[in-house]
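# Working through the structure, step by step
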Amino acid sequence: MEVRKASPVAKEIAVASYENETRVAVLESGALQEIFVEHSDRRSIVGDIYKGRVQNVLPGMEAAFVDIGHNRNALLYVGDIYLEGKRQGERPAITRLLKPGQQVVVQVTKDPMGGKGARLTTYLSIPGRYLVLLPQAKTVGISHKLGEQERERLRVLVEEVRPRDTGLIVRTAAKEAEAAELRKSLAYLGRVWHQVHRAAEKKRAPAVLYREPELEIKVIRDVMDKTFDRILVNSHRVYRRVRHYLKTVAPDLAERVLRYTGETPLFEALGINAQIKEALRREVPLPSGGYIVIDSTEALTAIDVNTGRYVGDKSLEETVLRTNIEAVSEVVRQLRLRDIGGIIIIDFIDMNEARNRRAVLKALHQELEKDRTKTYVVELTKLGLVEMTRKNVSEGLLEAFGEKCPVCEGRGIVFREP
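Residues numbered from 1 in each chain as written. Predicted model: local features only at pLDDT ≥ 70, side-chain atom pairs only at ≥ 80, totals over all residues. Heavy atoms only, no water.

## Structural notes on the sheet that holds strand β4 (residues 31-39)
What counts is decided by this rule: By this definition, two strands are paired if DSSP reports at least two bridges between them. Helix numbers and strand numbers start at the N terminus; a helix is a DSSP run of H or I with at least 4 residues, a strand a run of E with at least 2. Throughout, a residue-residue contact means that at least one pair of heavy atoms, one from each residue, lies within 4.5 Å. Between N-to-C directions, angles cover 0 to 180 degrees, with each direction set by a line fitted to C-alpha atoms, over the stretch in contact for helices.
Here six strands make up an open sheet; going across it, the order is β1-β16-β15-β2-β3-β4 and the pairing mixed. Edge positions in the open sheet fall to β1 (2-3) and β4, since each of these has one partner strand only. Examined bridge by bridge, strand β2 (residues 11-17) and strand β15 (residues 230-233) share four bridges and lie parallel to one another. Paired with Glu-12 across the two strands is Arg-230, which belongs to β15. Against the sheet, helix α4 (residues 215-223) contacts β2, β3 (21-28), β4 and β15, and its axis sits at roughly 25 degrees relative to β3. Contacts from helix α7 (residues 272-279) reach β2, β3 and β4, with the element oriented near 90 degrees to β4.

## Notes on the environment of Ser-125
In this structure, Ser-125 sits in the loop between β9 (119-121) and β10 (126-127). In this structure, the C-alpha to C-alpha distance between Ser-125 and Leu-361, residues 236 residues apart in sequence, is 33 Å. Ser-125 has contacts with Ile-49, Gln-107, Val-132, Leu-133, Leu-134 and Pro-135, leaving out every residue within four places of it along the chain.

## Comments concerning the packing of helix α2 (residues 148-161) against helix α3 (residues 179-202)
What counts, and what does not: Throughout this description, any angle smaller than 35 degrees is read as roughly parallel, any larger than 145 degrees as roughly antiparallel, any in the 65 to 115 degree range as roughly perpendicular, and the remainder as oblique. Crossings are classed by handedness, with left-handed meaning an anticlockwise turn of the near helix from the far one by less than a right angle and right-handed meaning a clockwise turn. By the convention adopted, Pro, Cys, Tyr, Trp, Phe, Met, Ile, Leu, Val and Ala count as nonpolar, Lys, Arg, Asp and Glu as charged, and the other residues, Gly among them, as polar.
At their nearest, the axes of α2 and α3 sit 10 Å apart, and the two run at 50 degrees to each other. Accordingly, the angle class assigned to the pair α2 and α3 is oblique. In terms of crossing hand, the pair formed by α2 and α3 is right-handed. Of the residues in α3, those in contact with Leu-154, Leu-157, Val-158 and Val-161 of α2 are Ala-179, Leu-182, Arg-183 and Leu-186. Here the contact of α2 with α3 is composed, by residue class, of seven nonpolar, no polar and one charged.

## Observations concerning the packing of aromatic side chains
The following threshold applies: The rule is short: rings of Phe, Tyr and Trp, with Trp giving its six-membered ring, pair when the centres are within 6.5 Å, and they are stacked under 30 degrees, edge-to-face over 60, tilted in between.
Summed over all chains, the structure comprises one aromatic pair. Between Tyr-82 and Tyr-123 the ring centres are 5.5 Å apart and the planes differ by 85 degrees, which places this aromatic pair in the edge-to-face class. Separated by 41 residues along the polypeptide, Tyr-82 in the loop between β7 (74-77) and α1 (94-97) and Tyr-123 in the loop between β9 and β10 bring together distant segments of the chain.

## Comments concerning the nonpolar core
Which entries qualify depends on this criterion: Put simply, buried Ala, Val, Leu, Ile, Met, Phe, Trp, Tyr and Cys residues joined by side-chain atoms within 4.5 Å make one nonpolar core. For every residue, the accessible area (1.4 Å probe, protein chains only) is compared with the maximum for its type, and the residue is labelled buried under 20%, exposed over 50%, or partly exposed between those bounds.
Residues Ile-13, Leu-182, Ile-231 and Leu-246 are the most contacted members of the largest nonpolar core, which totals 49 residues. The leading source of residues in this core is α3, at eight residues. Not counting the four nearest positions on each side in its chain, Leu-246 is found in contact with Ile-220, Met-224, Ile-231, Pro-251, Leu-253, Ala-254 and Val-257. In this structure, Ile-346, Val-360, Val-386 and Met-388 belong to the second largest nonpolar core, which totals 25 residues.

Structure, rendered in structure tokens:
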């Protein structure tokens, strides 16, 4: 089916494919929640599996540099090395586990960034729509985003279909899935793992053993569920590929893929480009008139909350609480949208009442449940700062759509001649 005019719906995914770039946007009621960008000359390698060769072992860092065939060696820490039958605390020194020249099968967990190479693990996993296969494990994990009753139902089904020596993670998308669908997903993942295993036996390092699919397929696999109304695609080639994928893994969703043929570019028609420009700004407005300010350094990202022109109509405490609660939603949206990782410090406006501070923290935890990236809220400090961490996997929005000023190198000042 073709669409010429693109009006926002409740939940949708927009895929814009160009000659050298693919952009995938996730929207809720027209508001941009996440944006993914992949350039043809520098695709993400997160999730790819390689047969690498250890270049050198660094006992002082408890890590090793591994050649996986890229310009820079990748880094493998001792804590990311799978040891069968070993419990935590029994891990031997890395010099006993790895030697220079040794070949090792590894998976990328973090893209190269700045001057750092990719991050690796030997805990292998192969994701599908409903399940993630853990070839080395024997346990079952089920998404905590599912209700307890649904988790228990899926646990019973998975135990029926999985081989005893196979570890699995049941994904959120498996909600309401039946045994036949899980069995089909498991069979597919088993075939992929068999191909990886055979390639590992035959190929010499460095060599790629498994690549993650195209960006649009990966996002749809990881994000889309039955709550999404549609997928809009501007390319006929990509439209066919997405339809084929969904017909294979989720036939009931295939009809929700629509080919966009309007004259206005897809991202312009949905207002996505304007929202990207807004997201690149340092200051982000809040609905009531307050605003947040986002500043990133090499060490951490600081987010400051301000009441701005919002003065409320009851009391100062009520004004501050409402601003902070509004800020929570926007802060989490910006974390997802900008893909901010590492250490994050949020400076909420000071609140006198402990119950209000608890309400803001509770709202933060609830909003973070929407974030697929692993986050951890450490504490609310005595200074009223919320400390948290968010896993950094790939380049963020600023790196994807911007570049440092050649004059000030991103510092925002121009030096005068002395």
